[in-house]
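# Fold and geometry: a report
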Amino acid sequence: MSTLNVFLRSLWLKYSQELKRPRSFFMGIFFAAAPLIFLTAVLKWGEVTDVEDFAVGYFLFLYGGMSVLFFSIVMGIGLYQREVDGGTVPYMLEVPLKRYQIHFSRYISAVMFQMTFVVPSLLISHLALLKWWGDKIGEGGGLPLLLIMTIGGIFAYTAIFTLLSLTIPKPLLVSFMYGLFWEYLVGISTLRMKSLTVMYYLKSLTIRSIMKGGTYIGGEKLAGAADSSYALILASVVFLLLGAIVLSVKNFEKI
Amino acid sequence: MGEVTLEAERLTKWYGNIIGINDVNMRIGGGIHGLLGVNGSGKSTLIKIITGMMRQSKGSIRVLGEEPWDNPRLRRRIGYCPEGPSMYDELTGEEFLLRKALYHGLSMSEALAEVKRIAEEVELTDFVARKLKGYSRGMRQRLKFANALLLDPELLVLDEPLNGTDPFARLRMMEVIRERARGGAHVLFASHILFEVEELTENVIVLHKGTLLAEGRIWEIRALMDKVPLKIFFRTDQPYELSEALLAFQEVEGIFKHPSGVVAHVRRPLEFYPKFQRYILEERPGVEEFYPLDESLENLFSYLLKGAGT
């Protein structure tokens, strides 16, 4: 059997195994359902004075900030940490692929798993908002940019957090701290170094997707849609390759 | 020596400042080989290097003529049964076995047939539909063993495969190992129980504190073992009945209570083991497992170390 076939099988088996894991499945349901529940509550009982501002905040914080960032932390860290803690590394490495190929297949399966839950949820949210305020939002790039934000964010964050799970002790704690302090606080701030966070590009894409001409309160400078997409691709590729290199040389000493 | 299964030269592995295995040279041929040593002797480290899970700090190793590190081609030729009981609890036994069969290129129908064949061979057919979460330690051992047997690998690397298995499963697994060896497979069988190794082979490699203490000298170890009394633990929920039965064996010098069974002081353990095994098969006294406690093996290997003048 060709390497590509083994690769695809390994990817699919990891993906379906993740779906069978109750904790991962419920996590997926949570990150998909939470924004929808919030949106339903707002649309039913809340009062929204600035529709565009609400939509930007909604997609940025509940999808970019929560479903993408935190789901990626849990899945990215779990990709290796769970195997190490659970003592299943020998089974992870019994796949007849080079280690870097094992890394790629596991990474893609984790990304696919997150997309399975988050993308449909995002589509439902977008459709709901279009139905309610169709004439007031989506004047910019609309849905494609929101999809790039979500999928690109998942790719980039998962690559970052899988690398962290392979390289540092207590990766879950460190990743949460990194997510909160660097991505959240710096990424949405007006500091110049915000362009070193993934969140800045997610924010730019969200704003450009929702607001007319991509303008935002306070006239903040945003990254262009193309620049944001390139930044997400660059971050994904760089961290994915670093992860593959680390796995290729890593001795799992606690197995 | 004809075919060389494993060849190591000055093999050394450090964990920071702690040495895992130290300057090991070995060259073993086909058939069954026992890798003997107490917990922490370096057996598992050596096995992880052999199976490509870990890279040595120094020295070289070739398994079936190939370097094991990051070698997918060799991974297809080795069946590895790791030591710990951990597995993917969200899967059923069948799904767990199917993973490997599918990775290695079988179609779904071929993989299902292969899993069925192996499950029958290790007598797991009744359990494979169950989630692994509900598996006992012994069932997990058998499933891991079955996973190693899948696709008839050329080399079986078994790290303490009989730990936690009941005496009946143990006998069946030993029989399967012998059958596989008769069929041409090479087997490296790691254990800290000489009795288990002795039942399978006379080719023994003894590791102690990371160094190669002895190779192929099972008779010397046997002789020593008959001089050194062993403490053997028996897991049972009928300690009083079992104590009474044990005291009827002339090799048993004393019995002590243990929270989950009894501990017996046994002289001439190699005479005692087969007798007790026969007794289990005939009387079924409710013994879940039995094994020598490490402290007595530690003594045994210390004697051997002195005897070797190292």
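Residues numbered from 1 in each chain as written. Chains lettered and ligands numbered in written order. Predicted model: local features only at pLDDT ≥ 70, side-chain atom pairs only at ≥ 80, totals over all residues. Heavy atoms only, no water.

## Structural notes on the side chain of Thr165 of chain B
The topology assignment puts Thr165 of chain B in the loop between β6 (155-159) and α6 (167-182). A polar side-chain atom of Thr165 of chain B sits 2.6 Å from the main-chain carbonyl oxygen of Leu162 of chain B. (Helix = DSSP H or I, 4+ residues; strand = E, 2+ residues; numbered from the N terminus. Polar contact = N/O pair within 3.5 Å; in protein donor to acceptor, adjacent residues only side chain to side chain.)

## Looking at the sheet that holds β6 of chain B
Residues and elements named next belong to chain B. Here 6 strands make up an open sheet; going across it, the order is β5-β6-β7-β3-β8-β9 and the pairing mixed. What marks the edges here is a single partner per strand, and that holds for β5 (78-81) and β9 (211-215). When strand polarity is set aside, the average angle formed by the axes of neighbouring strands in this sheet is 15 degrees. (Pairing = 2+ DSSP bridges. Axes fitted to C-alpha atoms, helices over the stretch in contact; angles between N-to-C directions.)

## With respect to the pairing of strand β1 (residues 6-15) of chain B
All names here are of chain B. The sheet contact formed by β1 and strand β4 (residues 58-63) spans 5 bridges and is antiparallel. Its bridge partner lying in β4, Glu9 is registered against Ser60. Relative to strand β2 (residues 18-28), β1 runs antiparallel, the two being bridged by 7 bridges. In the sheet register, Glu7 faces β2, and the bridge partner there is Arg27.

## Focus on the pairing of strand β7 (residues 186-191) of chain B
All names here are of chain B. By the criterion of burial, β7 is predominantly enclosed, with 6 of the 6 residues buried. Side chains His186, Leu188 and Ala190 project from β7 onto one buried face, and the interleaved Val187, Phe189 and Ser191 project onto a second face that is buried too. Examined bridge by bridge, strand β3 (residues 32-36) and β7 share 5 bridges and lie parallel to one another. For Leu36, the partnering residue across the bridge sits in β7 and is Ser191. Alignment of β6 against β7, held across 5 bridges, turns out to be parallel. Of the residues in β7, the one forming a bridge with Leu155 is His186. Each parallel crossover has a hand, and for β6 linked through α6 to β7 it is right-handed. (Buried < 20%, exposed > 50% of the residue type's maximum accessible area, 1.4 Å probe, protein only. Right-handed = clockwise from strand over helix to strand, strands pointing away.)

## Re helix α1 (residues 43-50) of chain B
With 8 of 8 residues buried, α1 of chain B lies mostly within the body of the structure. Directly beyond the C-terminal end of α1 of chain B, a positive phi value near 80 degrees is found at Gly52 of chain B.

## Describing empty space enclosed by the protein
Under the counting rule described, the total for this entry stands at 3 cavities of 30 Å³ or more. If you go around the largest cavity, you meet 17 residues; those closest to its centre are Glu94 of chain A together with Met53, Arg75, Ile78 and Tyr80 of chain B. Mapped by element, the contributors of at least two residues to the lining of the largest cavity are α4 (89-92) of chain A together with α2 (72-75) and β5 of chain B. Among the elements that line the lining of the largest cavity, the one with the most residues is β5 of chain B, at 3 residues. Among the residues forming the lining of the largest cavity, the class breakdown is 9 nonpolar, 5 polar and 3 charged. Of the volumes computed, that of the second largest cavity is approximately 80 Å³. Taken together, Ser10, Lys14, Gln17, Glu83, Met92, Val95, Ile102, Ser105 and Arg106 of chain A together with Tyr88, Arg99 and Tyr103 of chain B make up the full set of residues lining the second largest cavity. Of all the elements in the fold, those that place two or more residues in the lining of the second largest cavity are α1 (3-20) and α5 (99-133) of chain A together with α3 (93-103) of chain B. When grouped by side-chain class, the residues that make up the lining of the second largest cavity number 5 nonpolar, 3 polar and 4 charged. (1 Å grid on protein atoms, 1.4 Å probe; cavity = no way out; pocket = protein on both sides within 12 Å on 5 of 7 lines; lining within 4 Å. Points joined across faces, edges and corners; volume = space filled by probe spheres on them. Nonpolar A, V, L, I, M, F, W, Y, C, P; charged D, E, K, R; others polar.)

## Examining the confidence of the model for chain B
Residues and elements named next belong to chain B. Taken over all residues, the pLDDT of chain B has a mean of 86, while the share at 70 or more is 90%. Ranking the elements of chain B by mean pLDDT puts helix α11 (residues 294-307) last, at 63, and β4 first, at 96. Reported confidence for the predicted complex is 0.85 by ipTM and 0.86 by pTM. (pLDDT = per-residue confidence, 0-100.)

## Here's the deal with helix α3 (residues 51-86) of chain A
Each turn of an α-helix holds 3.6 residues, which means side chains three or four residues apart point in the same direction. Residue and element names in this part refer to chain A. The largest bend along α3 reaches roughly 50 degrees and is located at Gly78. In terms of burial, α3 is a largely internal element, 28 of the 36 residues being buried. If you check the start of α3, you find a side-chain oxygen 3.2 Å away from the backbone N of Glu52, and it comes from Asp50. Residue Gly87 follows α3 closely and has a positive phi angle near 70 degrees. (Bend = angle between axes of the 7 residues up to and from the residue.)

## Considerations on the sheet that holds strand β11 (residues 252-258) of chain B
Residues and elements named next belong to chain B. Strand order in the open sheet formed by 4 strands is β11-β12-β10-β13, and the pairing between neighbours is antiparallel. Looking at strand neighbours, the two that pair on one side only are β11 and β13 (287-292), the edges of this open sheet. Taking each pair of neighbouring strands and ignoring which way they run, the sheet shows an average axis angle of 20 degrees. Relative to strand β12 (residues 261-266), β11 runs antiparallel, the two being bridged by 6 bridges. Paired with Lys257 across the bridge in β12 is Val262.

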